[in-house]
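Observations on chain architecture
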Amino acid sequence: MSKARGNLVEGIVTFVIGLGLWLFTGDVEVPVVTLTKVGVVMMCVGGVLAASGLWQEARGKD
């Protein structure tokens, strides 16, 4: 698997996990962090990774 495709897949998976945290952990109490905020951060990171993978794929760099 090329690096571009790996970044794209990793970004999509990270985004989906973050979306799940954001949608379904609103009433879960964790002492240190808020899981909904962790979900938002994971969605941002996943979006950046996916965009990076798309950019690398379009540029043809491996």
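Starting from 1, residues in each chain are numbered consecutively following that chain's sequence as written. A pLDDT threshold of at least 70 governs which residues receive local features in this predicted model, and a stricter bar of 80 or more applies before side-chain atom pairs are shown or counted, although totals over entire chains, interfaces and linings include all residues. Each side-chain value is worked out from all heavy atoms of the structure, with water and hydrogens disregarded.

A word on the overall build of the protein chain
- Runs of H or I in DSSP of at least four residues are treated as helices and runs of E of at least two as strands, each being numbered from the N terminus. In terms of regular secondary structure, the protein chain is built from 2 helices and 0 strands.
- Note on method: radius of gyration uses C-alpha positions; expected globular size equals 2.2 Å times residues raised to 0.38. A globule of 62 residues ought to have a C-alpha radius of gyration of about 11 Å, yet the protein chain, at 14 Å, is considerably larger.
- Here the term buried applies to any residue with accessible area under 20% of the maximum for its type, exposed to any over 50%, and partly exposed to those in between, with areas from a 1.4 Å probe on protein chains only. Going through the 62 residues of the protein chain one by one, you find that 26% of them count as buried.
- In this description, contact between two residues means that some pair of their heavy atoms is separated by no more than 4.5 Å. Counted over contacts in the protein chain with a minimum sequence separation of 6, partners at least 24 positions apart contribute 70%.
- Areas reported as accessible are Shrake-Rupley estimates using a 1.4 Å probe. Residue values count occlusion only from the protein chains shown. When the accessible surface of the protein chain is summed, it comes to about 4500 Å², and 68% of that surface belongs to carbon and sulfur atoms.
- None of His or the chain ends enter the tally, which takes Lys and Arg as positive and Asp and Glu as negative. By convention, the point assigned to a charge is CZ for Arg, NZ for Lys, CD for Glu and CG for Asp. Considering the protein chain, the positive charge centre built from 5 side chains and the negative charge centre built from 5 side chains are found 14 Å apart.

Brief notes about a nonpolar patch on the surface
- A cluster of nonpolar side chains, contributed by Ile 12, Phe 15, Val 16, Leu 19, Trp 22, Leu 23, Phe 24 and Val 40, occupies part of the molecular surface with about 750 Å² of accessible area.
- Among the elements that make up the nonpolar patch, the one with the highest residue count is helix 1 (residues 3-24) (7 residues).
- Considering the arrangement of structural elements, one finds Leu 23 in helix 1. Patch members must show over 30% relative accessible area and no salt bridge, and they are joined within 9 Å when carrying like charges or within 5 Å when they are nonpolar side chains of Val, Leu, Ile, Met, Phe, Trp or Tyr. The salt bridge definition used is simple: a Lys or Arg side-chain nitrogen within 4 Å of an Asp or Glu carboxyl oxygen.

Some points on the packing of helix 1 against helix 2 (residues 35-59)
- Each axis is a line fitted through C-alpha atoms, and for a helix only the stretch in contact is used; angles between axes span 0 to 180 degrees, taken between their N-to-C directions. Across the interface, helix 1 lies against helix 2 with an axial gap of 7 Å and an inter-helix angle of 160°. Taken together, the axis directions place helix 1 and helix 2 in an arrangement best described as roughly antiparallel. Where helix 1 crosses over helix 2, the two elements pack in a sense that is left-handed.
- In terms of residue class, the contact of helix 1 with helix 2 is made up of 16 nonpolar, 11 polar and 4 charged. Angle categories: roughly parallel below 35 degrees, roughly antiparallel above 145, roughly perpendicular from 65 to 115, and oblique for all the rest. Left-handed describes a crossing in which the near helix is turned anticlockwise from the far one by less than a right angle; the clockwise case is right-handed. Think of it as three bins: nonpolar holds Ala, Val, Leu, Ile, Met, Phe, Trp, Tyr, Cys and Pro, charged holds Asp, Glu, Lys and Arg, and polar takes everything else, Gly as well.

A short note on helix 2
- To estimate how far a helix should extend, the number of its residues minus one is multiplied by 1.5 Å. Compared with the 36 Å implied by 1.5 Å per residue over 25 residues, the 36 Å span of helix 2 between its first and last C-alpha is a close match.
- Looking at the buried positions of helix 2, the neighbouring elements they touch are helix 1.
- Gly 60 sits one or two residues past helix 2 and shows a positive phi near 80°.

Quick word on the UniProt feature "transmembrane region" (unreviewed entry) in the protein chain
- UniProt positions are given in the numbering used here, feature names are shortened, and annotations may be inferred rather than shown by experiment. In the numbering used here, UniProt assigns the "transmembrane region" (unreviewed entry) feature to residues 7-24 and 30-55.
- Between the end C-alpha atoms of residues 7-24 the distance is 26 Å, and the span holds 100% helix and 0% strand.

Focus on helix 1
- With 22 residues, helix 1 should reach 32 Å at 1.5 Å per residue; the first-to-last C-alpha distance of 31 Å fits that figure.
- Among the residues of helix 1, those classed as buried are Ala 4, Gly 6, Asn 7, Gly 11, Thr 14, Gly 18 and Leu 21. All buried residues of helix 1 project into a common sector of 150° when viewed along the axis, lining one side. Of the exposed residues in helix 1, the ones pointing more than 90 degrees away from its buried face are Val 16 and Phe 24.
- In this structure, the buried residues of helix 1 make contact with helix 2. Working definition: the arc comes from the directions between the helix axis and the C-beta atoms, pointing outward to the latter.

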